[in-house]
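Fold and geometry: a report
The lines below spell out each chain.
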Amino acid sequence: MTKAWYWRSLPLEKRTGSEVFTALFRPTAAPGIATLLESPYPTPIDHPQLSRYSICAGAPRIVDGIPQMWTPEVGEVFPFLEKLLQQGVAGHEGDEIAFASPTSSSPPPPHLPFIGGWLGWLGYDVAWEIEQLPRQKIDPLPFPVAFWYEPDYFAVLDHAQQLLWLAASHASGLDELEEKLAKEDARKKLSMSPCPHAPVSSSPPFFLTSQADYETAVNQAKKYIQAGDIFQANLSLRFQASTSASGWEIYQALQKINPSPFASYWQTPWGEVISCSPERLVLLQNRQAQTRPIAGTRSRGATPEQDMQLAQDLLSNTKERAEHIMLVDLERNDLGRVCEWGTVTVDELLTIERYSHVMHLVSNIKGILKGEYTTIDLIRATFPGGTITGCPKVRCMEIIEELEPMRRSLFYGSCGYLDWRGHLDLNILIRTLLLAPASQEGGRAGEAGEAGGAGEVNSFSSSSSPHSRIISQHSAHNIVWGQVGAGIVADSNPEREWYESLHKAQAQLVALKMLDPQSGNRE
C-alpha cells in the first residue's frame, strides 16, 4: 500500500531540472538510483506547452527492509503495473496529502503532473506481451526490459509559476532537501567549482550494421510494401563507442546541444540511460489521453532564410505529408480502441517543431478514456509508438524482428511516470544513449569489427535474469550505445535512408566529441 508524501514549496528561482537534480538527488557513489525527467528552461518559444514541468527523484523507498523497485519480465509487466496502481489508489483513499511548510497549510495543487507514484521504463520488447510476435533475435544489453520504482524523495519543478515542490516520505526529509539546496546555492555564490573531472577519452563510434546490410534490409522492406504486407516500416541500426565519460557528463553535453521536452536521465545498477527525446508516446490526465507522433524530418538551415525554406519544403512534400497522415491515422485508431466514441480528435496537424540539428513534422491527437478502461489499458493500446514501427503496426514489428540484427532493448520503448491518481506521461526513447561499464570478464564489448562496418559484439549475457546482470560502475571505460533509423516507403532510396539515419545520430555523436578534447585530432 502506497503511503503519502510530505510536501513543501519553495521559490524555484530559475533553476533548471539538472541543477535541482544535481543538488538533491544525483548519487555520488555508484550504483545509486536516481531519475531526472527534464523539460528545457528557459521555456522554448516553439512548444511551450510541452515544457512546463520537470521531475527529479532519488533512491527507492525502503519498506520492511525491501527497496520498492521491480523488474517484471515480459508476460508480467502490465499485470504488475495494474497491481501497483490499485495498491496506490487504495493507499490514498480518504487520506489527506501530508504538507509541511512554514508558510502554508494547503496540499500541492492538483495540476501538478506527479504527486507520488512510480518512475520507470518499458523496453521495446514489452511489445511481446501485447502481441504474438516471432522470437528470432536476442537483446545483448544489460538493462531489464521493465524497471519501475517508488521514490523516497522527489521534486517537481513548475517552470511557469517558478515554484519548486519538494516531497519526502518523512517530514524531516524536507529539511534535508532544503539544506542541500542551500549548500548548492552557497557553493555557486562563492564560485566554487565542483570536483574537476578526470580527462575523458573516447573511441570513434562504429555502426553494428554495415551500409550494405542496411540497404539490403531496406530493399527487403520495400518488397514487403510492394507485396501489400505493409505501407511503411521503420528500420533502425545501432552504433557504439567506448568512453571514459560518465552518463551524466554525456547527458549534460547533449542537453546543451539538443534541449528537448521529453529528456531524461536514469542512473541505475545496470547502467545509465541518457535521452533527449522530442516525442511523447502518451499522456493521461483526468481521463484525457493524448499522443503526439513525429514523422518527417529535415536538417536545420544555416541561416534563418534557409531554415524557413527547409520547413516549407517539409510541409509541402507530398510523400512526407502522406506518410505523416498515415501515422496520425494509426495513432487515432490506437486511441480509439480505449477512448469514448466521438472524442478522438486531431487538435494539431502537421506542425513544425525545431530542435538543434533537425526539424520535425508533428501532430497531436486527443481522446477521453472510456470508464471501463484503465491507465494500463491505454499503454497497451498505444505501445510501442507507431512512428518507430510503421503501419500496420503488428506486421511491421514482425518484419523488424526479421530484418534488424538484434532486439531493440530499451531503444524505441518508453520511460516516464505513473502517478497514483492514474496520471501518466511516457516518451518514446529516441535520441537516446545507453551506457554501461565495459565487461570485466570478456574484455570490452564491441572490440571486434571495423569502423563503419558490422562488428560482432562481445556482449553481456542475455540469458540470466536482470538482477544477476547488475554490474560494477567503477570501470575506467564505459560502452555507450545508440540507435537511429528511418521510415521506409515504396519509393525509398536505400542509400538516402542510410544517410538520413546517420544524420539523426549527429547530436549524440557531437556530445561524445565535446567531452573528448582529443577527438578532433582523430578526424
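Residues numbered from 1 in each chain as written. Predicted model: local features only at pLDDT ≥ 70, side-chain atom pairs only at ≥ 80, totals over all residues. Heavy atoms only, no water.

Each helix and strand counted, the chain has 12 helices and 24 strands in total. Looking at the chain as a whole, 58% of its 523 residues qualify as buried. Look at the contacts in the chain between residues 6 or more apart in sequence, and 79% of them connect residues 24 or more apart. Of the roughly 21200 Å² that the chain leaves accessible, carbon and sulfur atoms contribute 52%. (Helix = DSSP H or I, 4+ residues; strand = E, 2+ residues; numbered from the N terminus. Buried < 20%, exposed > 50% of the residue type's maximum accessible area, 1.4 Å probe, protein only. Contact = heavy atoms within 4.5 Å. Areas by Shrake-Rupley, 256 points an atom, 1.4 Å probe, with all protein chains shown as cover.)

Another aspect to go through is the side chain of Glu353. Along the chain, Glu353 turns up in strand β18 (residues 345-354). A polar atom in the side chain of Glu353 sits 2.6 Å from the side chain of Arg292. A distance of 2.9 Å separates a polar atom in the side chain of Glu353 from a polar atom in the side chain of Tyr355. (Polar contact = N/O pair within 3.5 Å; in protein donor to acceptor, adjacent residues only side chain to side chain.)

Where helix α1 (residues 17-24) meets helix α4 (residues 171-189), the closest approach of the two axes is 8 Å, and the angle between their N-to-C directions is 110 degrees. As summarised for this structure, α1 and α4 are arranged roughly perpendicular, according to the angle between their axes. α1 and α4 meet at a crossing whose hand is right-handed. Facing Glu19, Ala23 and Leu24 of α1, the residues of α4 in contact are Leu177, Lys180, Leu181, Glu184 and Lys188. Taken together, the residues of the contact of α1 with α4 break down into four nonpolar, no polar and four charged. (Axes fitted to C-alpha atoms, helices over the stretch in contact; angles between N-to-C directions. Parallel < 35°, antiparallel > 145°, perpendicular 65-115°, else oblique. Left-handed = near helix turned anticlockwise from the far one by under 90°. Nonpolar A, V, L, I, M, F, W, Y, C, P; charged D, E, K, R; others polar.)

Right, let's get into the nonpolar core. Within the largest apolar cluster, 77 residues are counted, with the highest numbers of intra-cluster contacts made by Leu81, Trp121 and Leu122. No other element matches helix α2 (residues 77-92), which puts six residues into this core. Beyond its immediate chain neighbours, meaning those up to four positions away, Leu81 contacts Leu122, Trp148, Ile376 and Leu418. Membership of the second largest hydrophobic core comes to 59 residues, among which are Val20, Phe207, Phe239 and Leu433. (Core = buried A, V, L, I, M, F, W, Y, C linked by side-chain atoms within 4.5 Å.)

Contact geometry for helix α5 (residues 211-226) and helix α10 (residues 393-403): axes closest at 11 Å, N-to-C directions at 150 degrees. By the angle between their directions, the pair α5 and α10 is classed as roughly antiparallel. Two packed elements cross with a definite hand, and for α5 against α10 that hand is right-handed. Taken together, the residues of α10 that come into contact with α5 (itself represented by Ala217, Gln220, Ala221 and Tyr224) are Arg395, Ile399, Glu402 and Leu403. Looking at the contact of α5 with α10 residue by residue, the classes come out as five nonpolar, one polar and two charged.

Spanning 16 residues, α5 covers 22 Å between terminal C-alpha atoms, matching the ideal 22 Å at 1.5 Å per step. Every buried residue of α5 is listed here: Tyr214, Ala217, Val218, Ala221, Lys222, Tyr224 and Ile225. Down the axis of α5, the buried side of the element spans an arc of 155 degrees, and every buried residue falls inside it. For α5, the exposed residues set more than 90 degrees away from the buried face come down to Thr216, Lys223 and Gln226. (Expected span 1.5 Å × (residues − 1). Arc of directions from axis to C-beta.)

What follows concerns the environment of Val156. Relative to the assigned elements, Val156 resides in strand β9 (residues 153-158). When the C-alpha atoms of Val156 and Gly17 are compared, they prove to be 8.8 Å apart, with 139 residues separating the residues in sequence.

Taken together, the buried positions of helix α12 (residues 506-515) are Ala507, Gln508, Leu509, Ala511, Leu512 and Leu515. The inward-facing, buried residues of α12 abut β12 (232-243), α6 (247-257), β23 (432-437), β24 (478-488) and α11 (494-504).

So, on to the packing of aromatic side chains. Under the defined criterion, the tally for this structure stands at 21 aromatic pairs. An aromatic cluster is defined as three or more aromatic residues linked by ring pairs; in this entry it consists of Trp5, Trp7, Phe114, Phe154, Trp165 and Tyr417. It is Arg407 that lies over the ring of Trp128; its NZ or CZ is 4.0 Å from the centre. In this structure, Arg408 packs its charged tip against the face of Tyr124, placed 4.8 Å from the ring centre. (Phe/Tyr/Trp six-rings, centres within 6.5 Å; stacked < 30°, edge-to-face > 60°. Lys NZ or Arg CZ within 6 Å of the ring centre and 35° of its normal.)

A cluster of nonpolar side chains, Ile325, Val346 and Leu349, forms an exposed patch at the surface whose accessible area comes to about 220 Å². When you line up the elements, Ile325 lands in helix α8 (residues 318-336). Look at Ile325 and you get partly exposed, because its relative accessible area is 34%. (Patch = residues over 30% accessible without salt bridge, like charges linked within 9 Å, V, L, I, M, F, W, Y side chains within 5 Å. Salt bridge = Lys/Arg side-chain N within 4 Å of Asp/Glu carboxyl O.)

So, about the pattern of salt bridges. Per the stated rule, a full pass over the model turns up 27 salt bridges. Between Glu13 and Arg15 there is a salt bridge, and its shortest N-O distance comes to 3.5 Å. For Glu500, the salt bridge is made with Lys504, and the minimal N-O distance between the two is 3.3 Å. You can see Glu500 and its partner Lys504 sitting in helix α11, four residues apart, about one turn around the helix. Accessibility expressed as a relative area gives 30% for Glu500, which makes it partly exposed. Its relative accessible area of 15% is what places Lys504 among the buried residues. Residues joined by salt bridges that share partners form a network here, namely Arg8, Asp175 and Glu178.

Scanning all chains against the criterion turns up three cavities of 30 Å³ or more. Approximately 50 Å³ is the volume attributed to the largest cavity. If you trace the largest cavity, you find it lined by Asn258, Tyr355, Ser356, His357, Val358, Arg431, His503, Lys504, Gln506 and Ala507. Elements with a minimum of two residues in the lining of the largest cavity: α11 and α12. (1 Å grid on protein atoms, 1.4 Å probe; cavity = no way out; pocket = protein on both sides within 12 Å on 5 of 7 lines; lining within 4 Å. Points joined across faces, edges and corners; volume = space filled by probe spheres on them.)

Here we take up unusual backbone geometry. In this chain, Phe383 is followed by Pro384 through a cis amide linkage whose omega measures -15 degrees. Note that the residue after Cys391, namely Pro392, is joined by a cis bond; omega there is -5 degrees. When you line up the elements, Pro392 lands in the loop between β20 (390-391) and α10. Even without being glycine, Asp64 reaches a positive phi, approximately 55 degrees. Mapped onto the elements, Asp64 comes out in the loop between β4 (62-63) and β5 (66-67). Looking at Asp64, the relative accessible area reads 76%, which means it is exposed. The phi torsion at Ser409 lies on the positive side, around 60 degrees, for a residue other than glycine. Tracing the backbone through its elements, the reader meets Ser409 in the loop between α10 and β21 (414-419).

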